[in-house]
Amino acid sequence: MSSSDEASLIEQARDDPLAFAELYNRFVKQVFLFTLRRTGDRALAEDITSATFEKALRHLRQNGWSGKIYLAWLYRIAHQQIIQNHRRENRYFSLPPDQPAEADIEAQVQSSMQWQAILRAFQKLSMSDQEVLALRLFDSLSNTETAEYLNCSPQNVSVRLYRALKHLRQKLEALGEYYGGVNHGT
Amino acid sequence: MEPENRIDFQAWNQKLDSGDRSEPLLELAARIREVVPEDEGPTNDFQEHLRMRLLNQFSHVPGRRVVSRRRFIVWGVAVFVVLVVAFVGLWRSPLSLPDVSAAEILELAGQHLSERLAAGDLVYDRWILDWHKGGFQEKGVVAELWRSADGSHMRYQMVDDRGNLLYFDQRDDGIVWRSSYIRVVEGKEVGFVYQAPYLPTTESLQDQQLLAQLLMRDLGNFWVYIDQLAGFERSDCAQLFCVLSTLGRGWNCSGERCTLNLGPVLGGDDFVVEAQAEKMEWLPNGRKVYQVRLHLTGAPENYYQILKFDTETYDLLEIEDYSRGKLQYSIRLDDREILAWSNLPADFFKSIPDGVEVRQWPEGSPLGNYEEDRVWIISASPPPDSNISGVVNAELEIGYRLTSVEQAAIYVGSLFWAGHDTGEPLEVEKIPVTAGEGSIRVSFSFDSDRLGEGEWVIVPCFADVIGIAPNTCWAGAGTPNGIYLKWCVGCTPASPTP
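Worth saying up front: this structure is predicted, and the values here are computed from it rather than measured.

Parameters at a glance
- Note that residues are indexed from 1 along each chain, following the sequence as it is written.
- In the order they appear in the text, chains get letters beginning with A and ligands get numbers beginning with 1.
- Only residues with pLDDT of at least 70 are given local features in this predicted model, and only at 80 or more are side-chain atom pairs given and counted; all residues enter the totals for whole chains, interfaces and linings.
- To obtain the side-chain values, all non-hydrogen atoms of the structure were included, while hydrogens and water were left out.
- Each helix is a run of DSSP H or I of at least 4 residues and each strand a run of E of at least 2, with the numbering of both proceeding from the N terminus.
- Each residue gets one of three labels from its accessible area relative to the maximum for its type: buried under 20%, exposed over 50%, partly exposed in between, using a 1.4 Å probe on protein chains only.
- Here, residues are in contact when the closest pair of their heavy atoms is within 4.5 Å.
- In these tables, accessible area is a Shrake-Rupley quantity obtained with a 1.4 Å probe, and a residue counts as shielded only by the protein chains included in the view.
- The quantity called pLDDT is the predictor's confidence in a given residue, expressed from 0 to 100.
- To count as a disulfide, a pair of cysteine sulfur atoms needs to be within 2.5 Å.
- At least two DSSP bridges between two strands are needed for those strands to be called paired.
- Only rings of Phe, Tyr and Trp enter the pairing, Trp through its six-membered ring, and a pair is recorded when the two centres are within 6.5 Å. The plane angle decides the type: under 30 degrees is stacked, over 60 is edge-to-face, the rest tilted.
- Counting as a charge over the ring demands two things of the Lys NZ or Arg CZ atom: a distance within 6 Å of the ring centre and an angle within 35 degrees of the ring normal.
- Should a side-chain nitrogen of Lys or Arg be within 4 Å of a carboxyl oxygen of Asp or Glu, the pair is scored as a salt bridge.
- The axes used here are C-alpha line fits, helices contributing only the stretch in contact, and every angle between their N-to-C directions lies in the interval 0 to 180 degrees.
- Oblique is the label for any angle not under 35 degrees, not over 145, and not in the 65 to 115 range, which are roughly parallel, roughly antiparallel and roughly perpendicular in turn.
- Put simply, a crossing is left-handed when the front helix is turned counterclockwise from the back one by less than a right angle, and right-handed when it is turned clockwise.
- Residues are sorted three ways: Asp, Glu, Lys and Arg are charged, Ala, Val, Leu, Ile, Met, Phe, Trp, Tyr, Cys and Pro are nonpolar, and all the rest, Gly among them, are polar.

Comments concerning the overall build of chain B
- When you go through chain B residue by residue, the secondary structure sums to ten helices and 24 strands.
- A burial count over chain B gives 52% of its 498 residues as buried.
- Pairs at least 24 residues apart make up 62% of the contacts formed inside chain B by residues separated by at least 6 positions.
- Total accessible area computed for chain B in this model is approximately 22,900 Å², and 50% of it derives from carbon and sulfur atoms.

Remarks on the overall build of chain A
- The number of helices and strands found in chain A is nine helices and zero strands.
- Out of the 186 residues in chain A, the part that is buried amounts to 50%.
- Within chain A, contacts between residues separated by at least 24 positions form 61% of all contacts whose residues are at least 6 apart in sequence.
- Carbon and sulfur atoms make up 45% of the accessible area of chain A, which totals about 8,700 Å².

What about the confidence of the model for chain A?
Residue and element names in this part refer to chain A.
- When the pLDDT values of chain A are averaged, the result is 74; 75% of them are 70 or greater.
- When pLDDT is averaged over each helix and strand of chain A, the minimum, 40, is found for helix α9 (residues 177–184) and the maximum, 87, for helix α3 (residues 42–63).
- When the criterion is pLDDT under 50, residues 94–108 qualifies, and its contacts beyond four places in sequence or with other chains add up to 23 contacts.
- pLDDT under 50 marks residues 177–186. Its contacts with residues more than four places away, or in other chains, come to 22 contacts.

Topic: the confidence of the model for chain B
Residues and elements named next belong to chain B.
- Chain-level pLDDT for chain B is 70 on average; 59% of the residues reach the 70-or-more range.
- Element-level pLDDT for chain B is lowest in helix α9 (residues 224–230), with a mean of 29, against a maximum mean of 92 in strand β16 (residues 387–388).
- Note that residues 200–245 has pLDDT below 50 and, in this model, 145 contacts with residues that lie over four places away or in other chains.
- Interface confidence in the predicted complex, given as ipTM, is 0.71; pTM for the same model is 0.46.

Let's talk about the state of the cysteines
All names here are of chain B.
- Within this structure, the stated rule accounts for one disulfide over all chains.
- At a sulfur-sulfur separation of 2.0 Å, the disulfide partner of Cys253 is Cys258. Residues Cys253 and Cys258 share a disulfide whose torsion about the S-S bond is about 105°; that sign makes it right-handed.
- Here Cys253 falls in the partly exposed class, since its relative accessible area comes to 40%.

Looking at the sheet that holds strand β21 (residues 454–458) of chain B
Residues and elements named next belong to chain B.
- The strand order β16-β24-β21-β18-β19 describes an open sheet built from five strands, whose pairing is mixed. The sheet is open, and its two edges are formed by β16 and β19 (423–425), each paired on a single side.
- Bridge count for β16 against strand β24 (residues 485–489) is two bridges, and the pairing is parallel. Looking at the pairing, Ile388 lines up with Val489 of β24.

As for the packing of aromatic side chains
- Per the stated rule, a full pass over the model turns up 15 aromatic pairs over all chains.
- Arranged with centres 6.2 Å apart and planes meeting at 55°, the rings of Phe20(A) and Phe58(B) form a pair that is tilted. Taken together, the positions of Phe20(A) in helix α2 (residues 17–39) and Phe58(B) in helix α3 (residues 44–58) put the pair across two chains. Across this residue pair, the class does not change: Phe20(A) and Phe58(B) are buried.
- Between Tyr24(A) and Phe53(A), the aromatic rings sit 5.0 Å apart at their centres with planes inclined by 75°, giving edge-to-face as the arrangement. Within this pair, whereas Tyr24(A) is found in helix α2, its partner Phe53(A) is found in helix α3, the two being separated by 29 residues in sequence.
- Residue classification places Tyr24(A) among the buried positions, given a relative accessible area of 2%.
- Positioned above the aromatic ring of Tyr304(B) is the side chain of Arg293(B), whose terminal nitrogen or guanidinium carbon lies 3.8 Å from the ring centre.

With respect to the pattern of salt bridges
Residue and element names in this part refer to chain B.
- Per the stated rule, a full pass over the model turns up 21 salt bridges over all chains.
- The closest approach of N and O atoms between Glu320 and Lys308, which form a salt bridge, is 3.2 Å. Highlighted residues: Glu320 in strand β12 (residues 316–323) and Lys308 in strand β11 (residues 304–310), separated in sequence by twelve residues.
- Residue class for Glu320 comes out buried when judged on its relative accessible area of 13%.
- In this structure, Arg441 and Glu395 form a salt bridge, with 3.2 Å as the shortest nitrogen-oxygen distance. With Arg441 in strand β20 (residues 431–447) and Glu395 in strand β17 (residues 391–411), this residue pair connects regions lying 46 residues apart in the sequence.
- Exposure remark for Arg441: the relative accessible area of 51% places this residue in the exposed category.
- Taken together, the shared-partner salt bridges in this structure form one network comprising Asp125, Arg287, Asp310, Asp315 and Arg336.

Looking at the pairing of strand β3 (residues 154–159) of chain B
All names here are of chain B.
- The buried count for β3 comes to six of six residues, which makes it a mostly enclosed element.
- Burial along β3 is two-sided: Met154, Tyr156 and Met158 facing one way and Arg155, Gln157 and Val159 facing the other are all buried.
- Taking the residues between adjacent antiparallel strands as the criterion, β3 and strand β4 (residues 165–171) are bridged by five residues, where Gly163 takes a positive phi near 90°.

Considering the packing of helix α6 (residues 127–137) of chain A against helix α7 (residues 143–150) of chain A
Residues and elements named next belong to chain A.
- Put simply, α6 and α7 touch, their axes get as near as 10 Å, and they point 140° apart. In this view, α6 runs oblique relative to α7, as classed from their interaxial angle. Crossing geometry of α6 relative to α7 is assigned as right-handed. Of the residues in α7, those in contact with Glu131, Val132, Leu135 and Arg136 of α6 are Asn143, Thr146, Tyr149 and Leu150.
- Looking at the contact of α6 with α7 residue by residue, the class counts come to four nonpolar, two polar and two charged.

Below is the structure:
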């Protein structure tokens, strides 16, 4: 769907519930995954997804919408909800439970450990680094979409992304044993 | 890029050092998506539930025009509205109320149905029934109805999700075939149907009394309270055309409340149905509906039915039946088609499902004169007003006068708890009788310790045995002679006469 089609649908959705339902159908899965990947809790992800669309509905009906990328806007609403839920925990992402690994397959164990290592390193990043990486890694947003979400220019996203990757590498190195052991042959 | 089991961090570092950020990023993303796959999306139930909730909220959230208008509304008007709303005791948002009355909705639905019938030769409806009564659950029962535009041909059948035929009712312009049943959904598979001449059946179906009686049965548990007051046996009929037949008739409205007087039923009091348009809502399939609440005057408030009508076509899309405030069953329209005769086999309205026996109905049965039928209790042991406890061995002598049909059965189906809306089923055989006057004796036992304290009433009635008015129990109310039999559980014994 082109951006003009999407804009037209969004304009319709101000007054036409079926158009809003169409918008909902289009984005509910992505919003849910966005929240699930950040909370690691399906029930919480459902609550946040519900709250996100309810807020979006109210805002759209009363004030309309004039952004460029609707999904990025939904993500921002969801992000605010997640922050509210996680404010006390002072972190953005929850570490999901250890992935079940079949003990007799070393590669899978290592793979699982590597995943855990990445996530741990990820969690040690600043909120700003987590955010830009997550939008690109977890949510598959393009540079332009990420820029819309972060309210900055695509060039700025590239810079932030570069810094975040650099920081992630540093954190992985700091974890030491696994990162060095497996990949550097020590 | 295909996800890999592991990231080669050495290569990954080198790529980063070389200034290539996109490939290391993709590698990480692929790895992450492998562990947190896309198919962990929201469940269908959640999506549907939220979708419906949002659609229902849509009309409650004021749009831009409403917001603009509101800027010009003075506070005094708002206060006035609040006071009016508070005064009439509405707890619902006025925004959700339909702008038409229940009578208009019902009449338009009736007209629409007629137009649809007139638009083609035949109408085919498929309905899905979910049943949740008394711990018994049956989901996905398919009820199908074929009707000809001129009313001469009809087939109605219900089949459960295992393919068992639960009910069969069919007529062409000369013959009617109908299964006899007690509990459509919870009962047994149909083994036979009665075959009868069409004309007497038609006349009886057009009779106001029988129509009301059928309606009473068809609304299922909604009418149980009245059944018990009148002494009718509990019924679980779920035919739809009877419900539809009430649409578009002579409703009287006063404000939001509309009433339809069905007149005296079987010699008893008038049956008055109340209808009220309650609100609009969205169904999961995206159709917007008016909700009309049906309630029987005199019945407790928590016995009612909700009918849902499409706001554009006025099609009846769903019926929900509530007893004591709990959903008993729901029926939703799954499909409706206008057909031509050529779409059906030539003998469609004459064919009987495989394996179903056809039995002949005695010709010349004088149906329709129910008001002359009477059943009454001549004597009882224990006698009326006795205090009872433990296992009670009861014996009743019951008199009757049967004029409406050749055959019927005397039936004592339940003990009714006076002042409550419940009864206790009795294990009592139906006693067959033929047209005329006479008396019969019936014996039965029950454990009164299982009954709540208070007065328990017995009202016998006639039960249908032929299948022409299935699942009915009549002549229990308004019996002019005989004794009023009530027994008492846990009552204080009367003072001995000095």
